[in-house]
Amino acid sequence: MKTISTISELRGLCDTVRGDGATVGFVPTMGFFHAGHVSLMRYARSAHDLVVASIFVNPLQFGENEDLDRYPRDLEGDARHATAAGVDVLFVPSVDEMYPGGNPRTTVHVEGLTTPMCGAARPGHFDGVTTVCAKLFAVVGASTVYMGRKDLQQWLVVRQMAADLNLPVEVVGAPVVREADGLAMSSRNAYLSREHRATAPVLYRALAAGVEQIRAGERRAEAVREGVVAMVGTEPQVSLEYCDVRSVPELETQHRLEGELAIAVAATLGSTRLIDNVVLTVTPAGIEADLGTIVGEGFSTSHANHTASTQ
Ligand code: AMP
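First, a word on what this report is: a plain description of the structure on this page. Quantities reported herein were computed from a predicted structural model and do not represent experimental measurements. (Residues numbered from 1 in each chain as written. Predicted model: local features only at pLDDT ≥ 70, side-chain atom pairs only at ≥ 80, totals over all residues. Heavy atoms only, no water.)

So, the sheet that holds strand β8 (residues 238–247)
Strands in a sheet are paired, the pairing made by backbone hydrogen bonds, and the direction either parallel or antiparallel.
Part 1: The strand order across the open sheet formed by four strands is β8-β9-β10-β11, and the pairing between neighbours is antiparallel. This sheet does not close on itself; its edge strands, each paired only once, are β8 and β11 (286–290). The mean angle between the axes of side-by-side strands here comes to 20°, regardless of whether they run parallel or antiparallel.
Part 2: With five bridges connecting them, strand β10 (residues 272–283) and β11 associate as antiparallel partners. Within β11, the residue paired with Val 282 across the bridge is Ile 287.
Part 3: Those strands touched by helix α9 (residues 202–215) are β8, β9 (259–269), β10 and β11, and its axis lies near 15° from that of β10. (Pairing = 2+ DSSP bridges. Helix = DSSP H or I, 4+ residues; strand = E, 2+ residues; numbered from the N terminus. Axes fitted to C-alpha atoms, helices over the stretch in contact; angles between N-to-C directions. Contact = heavy atoms within 4.5 Å.)

Structure follows, in structure tokens:
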């Protein structure tokens with residue numbers, strides 16, 4: 001695996017391989033890899049000749065009081081995981097390489113989809129995401145981009161941006177990868193104290209219970225929402241930021257449950273913010289739910305410089 005830190009080298013390499021008829025799969029990340037990231041790399045590996053993954057902790061998508069400075073990093077561990085997953089090129093640009101001269105004067109904003117859910121709690125966050133993704137896509141060029149549906153809204157926003165701007169990428173959303181107890185894998189799980197780590201899977205259990213309620217015949221979105229909120233509420237350490245039942249891909253509020261839907265939650269435990277969701281299809285014949293894939297413990301704690309906070 002080759003590590004590249006300049007835009008010109010990565011662009012040159014991607015152009016050259018495409019010139020030879022090869023296809024490119026691209027996995028943009030902020031690093032501190034876990035099995036969720038690795039699943040995206042494996043999807044890319046199975047479908048493309050050249051697999052590029054990027055690691056860039058993008059200052060533009062962090063709010064003033066967010067965790068930019070303490071965001072976990074482990075380049076050595078990440079390089080090992082990426083190599084094992086079959087990544088050909090790890091792109092690790094500096095902030096100066098991506099934003100020479102400071103914040104860019106041009107930013108990308110996706111209307112509508114960025115308003116609810118995480119957009120309401122994190123003003124400017126999605127503009128930071130779409131701006132950096134537009135820049136990365138401009139460097140990598142024609143490719144298939146693999147993103148996780150764990151960040152459902154992010155995936156839908158970036159996909160919309162790529163379509164609206166005619167970017168030469170297809171943005172694929174891959175299933176949520178979970179720890180053995182159901183907690184959605186996230187680099188931010190490293191912040192959780194032991195106690196909060198034990199409590200956090202209530203988000204998954206609440207979403208799964210919501211799915212069961214629908215499976216049992218409930219079709220009122222508010223009743224399902226209330227069930228999820230009540231179950232999360234059994235853990236007083238978990239402060240629920242939102243629980244929304246929305247259509248996919250438009251992210252419109254739902255009253256009656258039909259068609260493609262998501263139940264999505266965001267919550268904080270101490271100072272750690274976690275998000276999770278389940279996507280489901282409700283038809284007169286019944287429901288199909290995608291709760292993701294349980295992978296098992298061990299992977300996400302294998303970083304050398306992992307430091308759990310003591311909150
Ligand atoms: P991040 O490094 O957190 O910005 O995530 C990089 C990519 O990995 C994004 O497309 C995320 O949606 C995806 N991802 C993060 N966690 C998971 C997970 N548990 N399952 C699937 N994909 C994930």
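Some words on the packing of α9 against helix α10 (residues 221–232)
Part 1: At a closest axis distance of 9 Å, the pairing of α9 and α10 adopts a crossing angle of 150°. Relative to α10, α9 is oriented roughly antiparallel. The way α9 lies across α10 gives a crossing that is right-handed. Two secondary-structure elements touch here, α9 through Val 202, Leu 203, Arg 205, Ala 206, Ala 209, Gly 210, Gln 213 and Ile 214 and α10 through Ala 223, Val 224, Gly 227, Val 228, Met 231 and Val 232.
Part 2: Considered class by class, the residues forming the contact of α9 with α10 number 10 nonpolar, three polar and one charged. (Parallel < 35°, antiparallel > 145°, perpendicular 65-115°, else oblique. Left-handed = near helix turned anticlockwise from the far one by under 90°. Nonpolar A, V, L, I, M, F, W, Y, C, P; charged D, E, K, R; others polar.)

Let's talk about the pattern of salt bridges
Part 1: Taken as a whole and judged by the stated rule, the model has 13 salt bridges.
Part 2: Here Glu 212 ties to Arg 215 by a salt bridge, and the two come within 3.4 Å at their closest N and O atoms. Placement of the pair is Glu 212 and Arg 215 together in helix α9, with a separation of three residues, close to one helical turn.
Part 3: In this structure, Glu 218 engages Arg 220 in a salt bridge whose closest nitrogen and oxygen atoms are separated by 2.9 Å.
Part 4: Given the relative accessible area of 49%, Arg 220 is considered partly exposed. (Salt bridge = Lys/Arg side-chain N within 4 Å of Asp/Glu carboxyl O. Buried < 20%, exposed > 50% of the residue type's maximum accessible area, 1.4 Å probe, protein only.)

Topic: the site of the ligand
Part 1: Close to the ligand lie 18 residues, the nearest being His 37, Gly 148, Asp 151, Val 177 and Met 185.
Part 2: Within the backbone of Gly 148, an N or O atom sits 2.9 Å from an oxygen atom of the ligand.
Part 3: Within the complex, 93% of the 480 Å² of free accessible area of the ligand lies under protein.
Part 4: For the shell around the ligand, the secondary-structure elements that each account for two or more residues are β2 (24–29), α2 (35–47) and β5 (143–148).
Part 5: A total of three residues in the shell around the ligand trace back to one element, the largest contributor, which is α2.
Part 6: Per-class residue counts for the shell around the ligand are nine nonpolar, seven polar and two charged. (Near = heavy atom within 4 Å. Polar contact = N/O pair within 3.5 Å; in protein donor to acceptor, adjacent residues only side chain to side chain. Areas by Shrake-Rupley, 256 points an atom, 1.4 Å probe, with all protein chains shown as cover.)

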